[in-house]
Amino acid sequence: MSDISAKAQQWGVSEQAARLHDSAFVWDGHGGFAYHGPDDLEELNRWQTSGINLLSLNATYDVVPWERTIECISKYRHWTRAHPDTYIQVETIDDVHRAKREGKMALTFDIEGMNALNGDVGMVDFYYRLGARQMLFAYNRNNLAGGGCHDDDCGLTEFGRQVIREMNRVGMIVDCSHTGYKTAMQAIEASAAPVIFSHSNARELCDHERNIPDELIKAAAETGGFVGVTGVAKFLGPNGATVEHLVEHIDHMVELVGPDHVAISMDSVLLTKDLDAPFSRNREYWPESQYPDNGIEGYIRPEDFPRVTQALLNRGYEEPHILGILGQNYINLATAIWK
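I will try to describe carefully the structure that is included in this document. In this text the structure is predicted, and so the values were computed from the model without any measurement.

Calculation criteria
- Residues numbered from 1 in each chain as written.
- Predicted model: local features only at pLDDT ≥ 70, side-chain atom pairs only at ≥ 80, totals over all residues.
- Heavy atoms only, no water.
- Buried < 20%, exposed > 50% of the residue type's maximum accessible area, 1.4 Å probe, protein only.
- Helix = DSSP H or I, 4+ residues; strand = E, 2+ residues; numbered from the N terminus.
- Pairing = 2+ DSSP bridges.
- Contact = heavy atoms within 4.5 Å.
- Expected span 1.5 Å × (residues − 1).
- Core = buried A, V, L, I, M, F, W, Y, C linked by side-chain atoms within 4.5 Å.
- Phe/Tyr/Trp six-rings, centres within 6.5 Å; stacked < 30°, edge-to-face > 60°.
- Right-handed = clockwise from strand over helix to strand, strands pointing away.

1. Looking at the pairing of strand S1 (residues 27–31)
Successive residues of a regular strand alternate their side chains across the two faces of the sheet. Burial of S1 is extensive: five of the five residues sit out of reach of the surface. Taken together, the three bridges between S1 and strand S2 (residues 54–61) define a ladder with parallel strand orientation. Bridge pairing in S2 links Asp28 to Leu55.

See the structure below:
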């Protein structure tokens, strides 16, 4: 049995899909691990064996104290250095390409909410040097930088504007997921570089406050940025965490802004985590109106990533467009923005 045939069997896809997925650079733009310790990363083999070449690891979110960000990045970097045969800590875009060539998995960090800055614009450069390559404004609730999607959106603050200027200077990607509409639109207008929604779905298809309306999808695309569709059940549709729902959101965005402005950020979590623990302890970040008491309802797993490639082929997508959605769009943006 050939290598591609074996992967097709392992992934449950056709040989055409397996060959395309294997040749692609697959970039998963956000993994929502909610850091508990470096052992979190022991499950990364699930991403690697699913053909994923880069994962952006969530280093923190506004729900926890800002000091947790530094602890997380320190422990994750140390863990990565201890596994040099398998993983690469990304510093430059060349590291991304090297990971693919060497059959290793590339790792970056993202920060969900500017509470991590502790009110200090200088922390942007500090985090960038540690490997954080994208940061969003607020995690659902308002903070010093701007408004969250589940709050009375205050708009982009002067501190938020200062942070955008610094992010543009150092090469960190401006990310508006979890952000309120007013703040997101003002951030898009303020940024001199392309803006993304790293993990947000289309509100037109699933009416949840975490999803974004077509106006924001278009606004991000007009900057040269994109939207990364996400595999969280609550943000997909009535049938929950299915590949079919995910591809419906991809279809909607492609029809709206074209395939160059769509990516994938699954927001998958770990099998070992108690998914409802932070949810139940911090209900102010997950209001009852948007997150009923049934808690977390699941995620599309990293193991399902190859089936997204199959689904896009089944829908008649051209191979170059599939390669873009799987990761080339992310590579193009990082090449343009990272410094």
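Next comes the rest of the write-up.
2. Remarks on helix H9 (residues 214–222)
Among all positions of H9, only Asp214, Leu216, Ile217, Ala219, Ala220 and Ala221 are buried. Buried residues along H9 sit in contact with helix H8 (181–190), strand S7 (195–196), strand S8 (227–229) and helix H10 (243–257).

3. A closer look at helix H7 (residues 158–170)
Since the α-helix advances by 3.6 residues per turn, residues separated by three or four positions end up pointing in the same direction. Counted at 1.5 Å a residue, the expected span for H7 with its 13 residues is 18 Å, and the 19 Å between its end C-alpha atoms agrees. Three or more residues of H7 are buried, namely Phe159, Gly160, Val163, Ile164, Glu166, Met167, Asn168 and Val170. Residues of H7 that are buried make contact with helix H6 (123–130), strand S5 (132–136), strand S6 (173–175) and H8.

4. Some points on the nonpolar core
One finds Leu44 and Ile250 to be the most contacted residues of the largest nonpolar core, which totals 105 residues. Setting aside residues no more than four positions away along its own chain, Leu44 makes contact with Phe33, Leu55, Leu57, Trp79, Tyr87, Met105 and Leu107.

5. Remarks on the packing of aromatic side chains
Within the structure shown, the criterion is met by 14 aromatic pairs. Ring geometry for Phe25 against Trp27: centres 6.1 Å apart, planes inclined by 55 degrees, an arrangement best described as tilted. Summarising the burial analysis for this pair, Phe25 and Trp27 share the class buried. Considering the side-chain rings of Tyr76 and Phe109, the 6.3 Å spacing of their centres and the 25 degrees angle between planes classify their relative orientation as stacked. Within this pair, whereas Tyr76 is found in helix H4 (residues 67–81), its partner Phe109 is found in strand S4 (residues 105–112), the two being separated by 33 residues in sequence. In this structure, Tyr76 and Phe109 share a single accessibility class: buried.

6. Here's the deal with the pairing of S4
Across the eight residues of S4, eight count as buried, placing the element largely inside the fold. Along S4, one buried face is formed by Met105, Leu107, Phe109 and Ile111 and the opposite face, lined by Ala106, Thr108, Asp110 and Glu112, is buried too. As paired strands, S2 and S4 are joined by seven bridges and run parallel to one another. Its bridge partner being in S4, Leu54 is matched across the sheet by Ala106. Across three bridges, strand S3 (residues 87–89) lies against S4 in parallel orientation. By the bridge assignment, Gln89 is partnered in S4 with Leu107. Note on the crossover from S3 through helix H5 (residues 93–101) to S4: the handedness is right-handed. Sheet topology places S4 next to S5; four bridges connect them, and they run parallel. Paired with Phe109 across the bridge in S5 is Ala132. Regarding the hand of the β-α-β motif, the stretch spanning S4, H6 and S5 is right-handed.

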